[in-house]
Amino acid sequence: MTIRVVVADDQELVRSGFAMILDAQPDIEVVAEAGDGRAAVEAVRRLAPAVALLDIRMPGTDGIEACRTISAETGCRTVMLTTFDSDEYVYEALHAGASGFLLKDVRRDDLVHAVRVVAAGDSLLAPSVARRLIAEYTSRPPATAVAPSARLDVLTAREHETLLHLARGLSNAEIAAALVVSEHTVKTHVGHVLSKLGLRDRIQAVICAYECGVVTPSPEGGPVSSSPAQGRRPPSGKPPLGGSGRAR
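Now for a description of the structure that goes with this document. Please read these numbers as outputs of a predicted model, since none were measured by experiment.

Structural notes on the overall build of the chain
If you tally the helices and strands in the chain, you get 10 helices and eight strands. A buried classification covers 49% of the 248 residues belonging to the chain. Taking as baseline every contact in the chain between residues at least 6 positions apart, the subset at least 24 positions apart corresponds to 66%. On the chain, roughly 11800 Å² of surface is accessible, and the fraction owed to carbon and sulfur atoms is 53%.

What follows is the structure, given as structure tokens:
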């Protein structure tokens, strides 16, 4: 099945370059290019692509507003393009519904992989973006301590632990190793977490974990588990994982 894509960037050479790379793939078709967010939204409404590749900073309607509209009105999934060093809106874009982030100097193969991953319903962050995003977010401790949210009471102990590992940036393979279970089992746990909490993907799970107090900023700026008052213990009888494990 062909993956239909809309590419939006106000820099024509960048936009055309990404479109050329994607169009060269046998399973991907670029159905439209846009120079701003408004044109991107109109193209998505008209052509119903599976993925929209959006630059965060564009004149008029920027990528974040376009992402918010696309996520609210259509089934199209969005991948944001950023330089990050100059973009202060990555976290806002996550709330707007972005399913992935790529740096503008992304390698050809990584660009193609990202489109395929997001089209398949998963989410993706460039590793450097993920590390810096979490570091920036956790470097801003809240004015008051965040109490663990009752919203998480629907999770089992193992699902709660899975959410913690997601917030630390671990892959399914790394979570499987930490929990001593198979990757298939981890996928099941992740699916249950997303379903029970009404989340779209892993990126939203990370946001939820911080906002619900599953993880809180450590003195070093990395995520740590919430306090033992969480009241949950994994089936093994071991206490929830703690420490200052940094997202990878």
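Having seen it, we continue.
Structural notes on the side chain of D9
Looking at the secondary structure, you find D9 in the loop between β1 (3-8) and α1 (12-23). A polar atom in the side chain of D9 sits 3.0 Å from the side chain of K104. Residues within four places of D9 in sequence aside, it is in contact with V14, R15, A34, G35, D55, M58, L81 and K104.

Points about the packing of helix α2 (residues 37-47) against helix α3 (residues 63-73)
To describe two helices that pack against each other, one gives the angle between their axes and the distance between the axes. For the pair α2 and α3, the least separation of the axes is 9 Å and the interaxial angle reads 15°. The angle between the axes of α2 and α3 places the two elements in the roughly parallel class. Crossing geometry of α2 relative to α3 is assigned as right-handed. Contact with α2, carried on its side by G37, V41, V44 and R45, involves A66, T69, I70 and E73 of α3 and no other residues of that element. Its residues assigned to classes, the contact of α2 with α3 comprises four nonpolar, two polar and two charged.

A closer look at helix α8 (residues 172-179)
Three or more residues of α8 are buried, namely N172, I175, A176 and L179. Buried residues of α8, viewed axially, fall in a sector of 100°; they line one side. Considering only its buried residues, α8 is in contact with α7 (157-167), α9 (183-197) and α10 (202-211). Two residues or fewer after α8 comes V180, characterised by a positive phi angle close to 60°.

Some thoughts on α9
Helix length check: α9 (15 residues) gives 21 Å between terminal C-alpha atoms against 21 Å at 1.5 Å per residue, within 8%. Residues V186, H189, V190, V193, L194 and L197 constitute the buried set of α9. The arc enclosing the buried residues of α9, seen along the axis, measures out at 130°, which places them on a common side. The outward face of α9, more than 90 degrees from its buried face, is lined by the exposed residues H184, K187 and S195. Along its buried surface, α9 packs onto α7, α8 and α10. A positive phi of about 65° marks G198, the residue just after α9.

Definitions and cut-offs
- Residues numbered from 1 in each chain as written.
- Predicted model: local features only at pLDDT ≥ 70, side-chain atom pairs only at ≥ 80, totals over all residues.
- Heavy atoms only, no water.
- Helix = DSSP H or I, 4+ residues; strand = E, 2+ residues; numbered from the N terminus.
- Buried < 20%, exposed > 50% of the residue type's maximum accessible area, 1.4 Å probe, protein only.
- Contact = heavy atoms within 4.5 Å.
- Areas by Shrake-Rupley, 256 points an atom, 1.4 Å probe, with all protein chains shown as cover.
- Polar contact = N/O pair within 3.5 Å; in protein donor to acceptor, adjacent residues only side chain to side chain.
- Axes fitted to C-alpha atoms, helices over the stretch in contact; angles between N-to-C directions.
- Parallel < 35°, antiparallel > 145°, perpendicular 65-115°, else oblique.
- Left-handed = near helix turned anticlockwise from the far one by under 90°.
- Nonpolar A, V, L, I, M, F, W, Y, C, P; charged D, E, K, R; others polar.
- Arc of directions from axis to C-beta.
- Expected span 1.5 Å × (residues − 1).

Purely geometric stuff here, so don't read any function into it on its own.
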